[in-house]
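Observations on the model geometry
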Amino acid sequence: MYFQDMVQRLQSYWAALGCIVLQPYDLEVGAGTMAPATFLRALGPEPWNAVYVQPCRRPADGRYGDNPKRLFQHHQLQVLLKPAPKNLQSLYLESLKEIGIDPLDHDLRFVEDDWESPTLGAWGLGWEVWCDGQEVTQFTYFQQCGGFDCRPVSGELTYGLERIATFLQGVSSVFDVAWTEGVLYREVFHTNEVEMSRYAFERSDPKQLLALFDSHEAECERLVRDCKLPLPAYDSALKCSHIFNLLDARGTISVTERAQFIKRVRDNARRCAASYLAARSALGYPLCKTQWRVGLQPPILDGGRASEAWDAIRVDANAHENLGG
Amino acid sequence: MGNLLFEIGCEELPASFVGPAIAQLTHAFESECDKVGLTHGPISSFATPRRLALLVQEVSDRTAAVESVAQGPSIQAAFDANGEPKIAARKFAESVGRSIDRLDRVETPKGTYLSARVIKNGQDAPVLLPQILGKCLRRISFPKSMRWGDVDVAFARPIQWIVAMLDQAVLPLAFGDVASGSTTFGHRAHAPGPQPISAPDGYEALLRDAHVLASRSARARILAECLKEVAASIGATSVPDAALEEQVVDLLEAVHPIVGSFDPKYLKLPREVLIQEMKTHQRYFALASSDGRLLPKFVAISNTQVRNPDVSRRGFEEVLRARLADAQFFFDEDRKLPLAKRAERLTRRTWFKPLGTMDDKAKRIGKLAQVLAIQAGVSGIGSELERSAALCKADLESGMVGEFPELQGVMGRVYALADGEAEAIAVAIEEHYLPRHSGDALPVGNVGALLGMADRIDSIVGLFALGRKPTGAKDEAGVRRACLAVISIALHHNYHFKLSAILDEAYALLEPMLASVKGASPKEALVAEILTFFRGRLATVFGEGSKPDIVDAVLAAGIDDLAATRDRVAALRGLSLSPQFASLVTTFKRAANIVEKQARQVPPGPVRKELLGKLVGSGAEKHLHLAIEAQREAIAAATIRGDFVGVLAAVTELEAPVAAFFNEVMVMCDDIELRTNRIRLLQSVAALLSNQVDLSRIQST
């Protein structure tokens with residue numbers, strides 16, 4: 001299965017369940033969680049169900065395109081369901097079937113992983129999902145975001161697209177993944193890896209980055225404090241986060257300074273979260289007035305691929321539905 | 001009587017939670033039943049990552065009726081002068097459900113009171129059990145728990161279903177968004193649908209048919225058998241690893257081994273790295289040949305009986321291949337810089353903030369270890385101590401330890417050897433981290449042992465000064481563990497040194513850093529506090545083989561020499577088994593009591609020989625004095641030899657003279673001079689024991 005087909009299938013699956021398909025957020029982020037469609041939408045009482053691909057940049061992971069698995073930029077397929085449906089694990093396993101990963105063919109396991117983002121003041125509990133020993137997805141029930149309790153609890157799925165594609169196509173290097181007929185991942189992104197690594201490790205200008213960090217930080221504070229504009233403020237917080245990652249990769253931050261920088265980013269993320277919650281409350285939580293919930297039954301795509309076992313699982317799901325209602 | 005099944009079905013629990021959770025659930029059930037007097041037969045427990053279950057045989061149908069006597073108001077309070085009942089009498093009668101004329105009277109030392117026999121009826125098990133089970137559910141506590149959906153309950157992971165059945169009947173209870181029923185679920189891949197349970201007894205068999213091995217112990221046994229069988233089938237043995245086996249048991253509901261292999265070129269990596277790569281990240285079992293060498297093979301345990309094992313095997317192998325390639329990369333990179341050069345980077349690595357960098361710490365360790373060596377009488381290793389102290393933390397700067405923190409020390413040894421450092425130094429680098437946990441191996445060589453003690457004493461003093469001492473069960477900085485390690489190493493190597501002097505020295509080395517710490521205790525207070533803490537740990541260590549008062553009697557007399565303290569405990573334990581021990585204790589306690597009571601009136605001073613034996617003709621006084629002189633020398637000599645059995649033998653020799661003294665001599669006589677002199681005689685008896693044992697701590701039997 002080609003890389004882009006795999007992405008499309010996953011998106012179609014979640015779209016058919018009732019998620020909106022968003023486009024990637026157009027700022028540099030280190031993880032799909034940081035995009036406002038996850039970090040901010042996980043806050044407050046309003047429902048939210050979205051799927052989107054998010055390019056994630058992790059400067060310190062850059063390897064000049066020489067390492068078969070580590071990348072400066074990789075892609076996550078991010079799903080956020082709020083509230084998390086009771087049968088989210090089953091829905092997730094069904095989504096894997098959509099891309100040809102059948103639980104009877106692979107050792108699929110939910111292995112404890114406590115997720116925490118010190119820069120976002122966010123944490124949750126859940127798992128790494130393993131497929132034959134390979135981590136393919138991060139599965140998290142958010143407990144806190146920006147220091148605020150998540151009520152209701154969101155379920156977040158983060159599919160590591162490069163890893164899954166490498167696995168599915170049976171190649172050992174991400175650069176050998178076929179993006180589509182006749183085009184390899186290498187041809188699309190290898191130069192990007194080389195240039196970005198060179199920039200992050202050798203050519204970025206630490207002095208200028210430090211200045212940029214300070215000014216975006218100040219801007220974030222100002223936008224929250226004086227303007228009550230959480231969304232633009234959060235953009236500034238994201239920029240700070242990325243600049244910090246660049247400085248970190250460049251090796252200009254000492255161990256003690258590092259903790260200090262993380263705290264500065266976190267403080268701003270918290271301010272944005274508080275401001276966002278206030279803004280939504282002022283609007284009267286408009287999404288609460290909708291009936292937006294994802295289905296509990298996986299959609300039948302691709303001419304009826306839903307599993308034989310589903311009938312049984314559906315009984316289970318309905319039982320919970322009745323109880324919850 | 002009926003059989004009870006209680007199953008909590010949840011999303012995958014963390015492996016380390018499974019064991020403690022099922023133990024708590026079992027215990028909670030027993031104690032909740034006890035509280036209400038509900039009797040039951042044997043309990044079988046079942047636990048997998050997806051379920052915690054109890055099967056209880058022969059739960060009684062109802063609790064027994066309980067009869068008790070309720071006491072009411074006194075007669076005076078109950079009736080007025082005319083014998084008419086007052087409000088108190090009416091209220092009491094109402095509360096026990098009787099009319100006033102049918103209440104009893106009871107005589108008490110305080111007078112006559114109204115009373116009534118009350119029979120509390122038994123309660124039916126089906127009524128009690130839902131409450132009991134609900135309480136059990138809430139009594140399970142986890143290191144970390146979570147909320148889900150929009151309900152306000154918490155558990156380690158979301159609960160999906162609850163089975164609660166007494167024979168065929170469902171016991172109704174609810175937890176958050178889940179209500180109890182009689183339906184369980186089987187293996188995620190093989191039997192994902194609902195599995196109705198017809199009777200509690202059939203639970204284990206039903207799940208077995210649904211591809212789940214519900215019993216934890218059965219799973220452990222089958223895993224061990226599988227590993228043995230699979231390894232034997234290719235002429236190998238699996239490298240024993242009990243911790244990994246336990247973890248894997250709690251990660252699975254079924255056991256399906258798959259053997260994989262990796263490129264033999266990676267066998268050039270250190271064995272520990274290979275095992276760590278397989279174990280930590282992948283939970284694979286390493287395989288070795290009959291002569292113990294690692295083979296380029298592993299066993300992965302799949303939770304699913306996959307249709308084509310080759311597909312899974314390829315996956316397992318590919319993940320490991322990538323990891324080993326990474327490890328090879330780190331190893332090659334690390335080898336580009338000798339350890340001695342790498343150590344220079346420690347100047348940039350903070351340890352605990354005000355206490356400086358790892359480089360500062362390594363330097364302090366070196367100096368303290370030298371002092372320890374001198375004190376402990378270990379000579380001829382000065383240069384080795386210096387070199388290994390300089391290198392012992394350097395591997396923290398290596399890529400491999402960055403990736404696998406648990407390989408610190410191991411990589412130090414490997415890289416030191418590769419750099420051409422002496423074997424003793426390489427070994428010491430690894431050994432200074434031992435023991436890593438209780439029950440772990442101890443350093444064999446003096447260099448590693450002394451470095452390890454110095455490292456930990458530096459940590460203990462520094463962390464106490466920062467106020468990061470352990471409280472209750474909390475010990476985030478590992479101070480308690482460090483303390484126990486110092487004790488085990490000192491005892492194992494039989495090092496004799498003055499602990500207080502070493503703590504002073506450690507403090508002196510830390511002093512420049514501590515200057516900036518606000519509110520740090522002064523040195524004397526800090527050292528005293530740490531000694532008290534050590535005393536607590538010693539009580540635990542020695543408490544395993546001796547009665548608490550024996551240990552306490554020794555510790556109260558001083559712990560400054562750890563190894564000697566152990567020998568003193570052993571000697572006293574030996575003596576305590578002898579028949580004259582009780583009278584010995586009584587005699588010396590009596591002497592000690594007098595000394596203590598007269599402490600203010602009679603300050604310590606020399607015995608005046610010329611006053612001995614005056615007034616009273618018997619020689620008991622003189623005799624005791626001579627005996628003290630003789631045994632003082634014997635005790636001093638035995639102490640120097642470290643012969644504490646000898647010390648106590650000498651003390652025993654004193655018993656008869658002291659007892660005779662008490663029998664024949666009046667200590668508290670009217671003549672002040674004589675009285676003072678006799679008390680001083682007893683003081684010198686007490687002084688002989690003062691650094692050895694405090695017999696006043698011995699409980700009389």
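Remember, predicted model here, so these are calculated numbers, not experimental data.

**Here's the deal with the overall build of chain A**
The helix and strand inventory of chain A stands at nine helices and ten strands. Relative to the compact-globule value of 20 Å for 325 residues, chain A shows a C-alpha radius of gyration of 20 Å, a close match. The principal-axis extents of the C-alpha atoms in chain A amount to approximately 60 × 50 × 30 Å. Across the 325 residues that make up chain A, the buried fraction comes to 47%.

**So, the overall build of chain B**
From N to C terminus, chain B includes 25 helices and 16 strands. Whereas a compact globule of 701 residues would reach a radius of gyration of roughly 27 Å, chain B reaches 35 Å, over 25% beyond that. Along the first, second and third principal axes, the C-alpha atoms of chain B reach 105 × 100 × 50 Å. Taking all 701 residues of chain B together, 41% fall into the buried category. Relative to all contacts within chain B whose residues are 6 or more apart in sequence, the contacts with residues 24 or more apart total 67%.

**Focus: the confidence of the model for chain B**
All names here are of chain B. Overall, the predicted model of chain B reaches an average pLDDT of 92, with 99% of residues at or above 70. Per-element averaging of pLDDT across chain B places helix 25 (residues 672-689) at the bottom with 87 and strand 2 (residues 43-48) at the top with 98. The ipTM, which scores confidence in the relative placement of chains, is 0.90 for this predicted complex, and the corresponding pTM is 0.78.

**What to know about the sheet that holds strand 5 (residues 104-108) of chain B**
All names here are of chain B. An order of 4-6-5 is seen for the three strands of this open sheet, with the pairing classed as antiparallel. The sheet is open, and its two edges are formed by strand 4 (66-74) and strand 5, each paired on a single side. Neighbour-to-neighbour, the strand axes of the sheet open up by a mean angle of 45°, direction not taken into account.

**Things to note about unusual backbone geometry**
The omega torsion of the bond from Lys82 of chain A to Pro83 of chain A falls at -5°, within 30 degrees of zero and hence cis. As for its position among the elements, Pro83 of chain A is in the loop between strand 3 (73-82) and helix 3 (88-98). With an omega of -5°, the peptide bond running from Arg151 of chain A to Pro152 of chain A counts as cis. Inspection of the secondary structure puts Pro152 of chain A in the loop between strand 7 (148-149) and strand 8 (155-160). The residue Lys228 of chain A is not glycine, and still its phi comes out positive at about 50°. Its place among the elements puts Lys228 of chain A in the loop between helix 6 (206-225) and helix 7 (230-250). The exposed category is assigned to Lys228 of chain A, around which 12 C-beta atoms lie within 10 Å. The residue Asn494 of chain B is not glycine, and still its phi comes out positive at about 55°. Looking at the element boundaries, Asn494 of chain B is found in the loop between helix 17 (479-493) and helix 18 (499-514). Classification of Asn494 of chain B as partly exposed rests on a count of 13 C-beta atoms within 10 Å.

**Some thoughts on the environment of Trp351 of chain B**
All names here are of chain B. Structurally, Trp351 can be placed in the loop between helix 10 (339-343) and helix 11 (358-376). The spacing of Trp351 and Lys361 is ten residues in sequence and 7.7 Å in space, taken between C-alpha atoms. Apart from the residues lying within four places of it in its own chain, the contact partners of Trp351 are Gly356, Thr357, Met358 and Lys361.

**Here we look at the environment of Arg250 of chain A**
Residue placement: Arg250 of chain A occurs in helix 7. Not counting the four nearest positions on each side in its chain, Arg250 of chain A is found in contact with Ala200, Phe201, Ser204 and Pro206 of chain A.

**Comments concerning the nonpolar core**
Ala369, Leu372, Leu450, Leu451, Ile457 and Val461 of chain B are the most contacted members of the largest nonpolar core, which totals 190 residues. Of the residues forming this core, the biggest block, twelve residues, is contributed by helix 16 (residues 446-465) of chain B. In contact with Leu450 of chain B, other than residues within four places in its own chain, are Ala369, Leu372, Ala373, Val378 and Leu385 of chain B. With 86 residues, the next largest nonpolar core counts Cys131, Ile164, Val224 and Ala233 of chain A among its residues.

**Quick look at the sheet that holds strand 15 (residues 285-288) of chain B**
What links the strands of a sheet is backbone hydrogen bonding, and the strands pair in either a parallel or an antiparallel sense. Residue and element names in this part refer to chain B. Read from one edge of the open sheet, four strands run 13-15-16-14, paired in antiparallel fashion. Because the sheet does not close on itself, it has two edges, and the strands there are strand 13 (237-238) and strand 14 (256-261). Inspection of the sheet shows strand 15 paired to strand 16 (residues 294-302) by three bridges, in the antiparallel sense. Note that in strand 16 the partner of Ala288 across the bridge is Leu294.

**Quick word on helix 15 (residues 423-431) of chain B**
Residue and element names in this part refer to chain B. Across the nine residues that make up helix 15, a large majority, seven, are buried. Along helix 15, the positions that sit buried rather than exposed are Ile425, Ala426, Val427, Ala428, Ile429, Glu430 and Glu431. In this fold, the buried residues of helix 15 make contact with helix 12 (382-391), helix 14 (410-418) and helix 16.

**A few points about the confidence of the model for chain A**
Averaged over chain A, the pLDDT score is 90; the fraction of residues at 70 or greater is 91%. Note on residues 303-325 of chain A: pLDDT under 50 across the span, and 32 contacts to partners over four residues away in sequence or across chains.

**A closer look at the interface of chain B and chain A**
A common way to report how large an interface is uses the accessible area buried once the components associate. At the junction of the two partners, chain B supplies 36 residues and chain A supplies 41 residues. Of all the secondary-structure elements, those providing two or more residues to the side of chain B that touches chain A are strand 16 and helix 9 (309-335) of chain B. By residue number, the principal contributor to the side of chain B that touches chain A is helix 9 of chain B, which donates seven residues. Here the side of chain B that touches chain A is built from residues that sort into 15 nonpolar, ten polar and eleven charged.

**As for the pairing of strand 3 (residues 51-59) of chain B**
A regular strand places its side chains so that they alternate between the two faces of the sheet. Residue and element names in this part refer to chain B. Where burial is concerned, most of strand 3 is hidden: seven out of the nine residues are buried. Where strand 1 (residues 2-10) lies against strand 3, seven bridges are found, and the strand directions are antiparallel. Residue Leu4 lies in a different strand from strand 3, and its bridge partner there is Val56. Pairing analysis gives six bridges linking strand 2 to strand 3, with the strands arranged antiparallel. Note on strand 3: the bridge partner recorded for Ile43 is Val56. Linking strand 2 to strand 3, which pair antiparallel, is a turn of two residues.

**Let's talk about the packing of helix 1 (residues 3-16) of chain A against helix 4 (residues 161-169) of chain A**
All names here are of chain A. Axis separation between helix 1 and helix 4 bottoms out at 10 Å; the angle between their running directions is 120°. Considered as vectors, helix 1 and helix 4 are oriented oblique to each other. Of the two elements, helix 1 crosses helix 4, and the hand of that crossing is right-handed. Between helix 1 and helix 4, the contacting residues are Phe3, Met6 and Val7 on the first element and Leu161, Ile164, Ala165 and Leu168 on the second.

**Considering the environment of Ala373 of chain B**
All names here are of chain B. Inspection of the secondary structure assignment puts Ala373 in helix 11. For Ala373, a count of 24 C-beta atoms within 10 Å translates into the label buried. With 78 residues separating them along the chain, Ala373 and Leu451 place their C-alpha atoms 9.5 Å apart. If we ignore the near neighbours within four places in the chain, the residues touching Ala373 are Val378, Ile381, Leu385 and Leu450.

**A look at the pairing of strand 2 (residues 48-57) of chain A**
Residues and elements named next belong to chain A. Burial within strand 2 is extensive, with seven of its ten residues counted as buried. Two elements, strand 1 (residues 20-21) and strand 2, share two bridges in a ladder whose sense is parallel. Of the residues in strand 2, the one forming a bridge with Val21 is Val51. Where strand 2 lies against strand 3, ten bridges are found, and the strand directions are antiparallel.

**Quick word on helix 12 of chain B**
Buried residues of helix 12 of chain B: Glu384, Leu385, Arg387, Ser388, Ala389 and Leu391 of chain B, and no others. Its buried side turned inward, helix 12 of chain B meets helix 10, helix 11, helix 14, helix 15 and helix 16 of chain B.

The rules behind the values
Sequence order as written defines the numbering, with residues in each chain counted from 1. Labels are handed out in written order, letters beginning with A for the chains and numbers beginning with 1 for the ligands. Residue-level local features of this predicted model are given only where pLDDT is at least 70; pairs of side-chain atoms are given and counted only at 80 or more, and the full residue set underlies all totals for whole chains, interfaces and linings. Under the scheme used here, helices are H or I runs from DSSP no shorter than 4 residues and strands are E runs no shorter than 2 residues, and both carry numbers assigned from the N terminus. We compute the radius of gyration from the C-alpha atoms alone; for a globule the expected value is 2.2 Å times N to the 0.38, where N is the number of residues. Put simply, a residue is buried when 20 or more other C-beta atoms lie within 10 Å of its own C-beta and exposed when 12 or fewer do; between those, it is partly exposed, and each C-beta is set from the backbone. Here the contact rule is simple: place C-beta atoms from the backbone, and any two residues whose C-beta atoms are within 7 Å are in contact. In predicted models, pLDDT denotes the confidence assigned by the predictor to each residue on a 0 to 100 scale. A pair of strands is labelled paired if DSSP reports no fewer than 2 bridges between them. For every element, the axis is a line fit to its C-alpha atoms; helices are fit only across the contacting stretch, and the angle between N-to-C directions ranges from 0 to 180 degrees. Nonpolar cores are identified as sets of buried Ala, Val, Leu, Ile, Met, Phe, Trp, Tyr and Cys residues joined via C-beta atoms within 7 Å. Here the nonpolar group is Ala, Val, Leu, Ile, Met, Phe, Trp, Tyr, Cys and Pro; Asp, Glu, Lys and Arg are the charged ones; every other residue, Gly included, is treated as polar. Comment on the angle field: the value is read as roughly parallel under 35 degrees, roughly antiparallel over 145, roughly perpendicular from 65 to 115, and oblique elsewhere. In a left-handed crossing the near helix is turned counterclockwise from the far helix by less than a right angle, and in a right-handed crossing that turn is clockwise.

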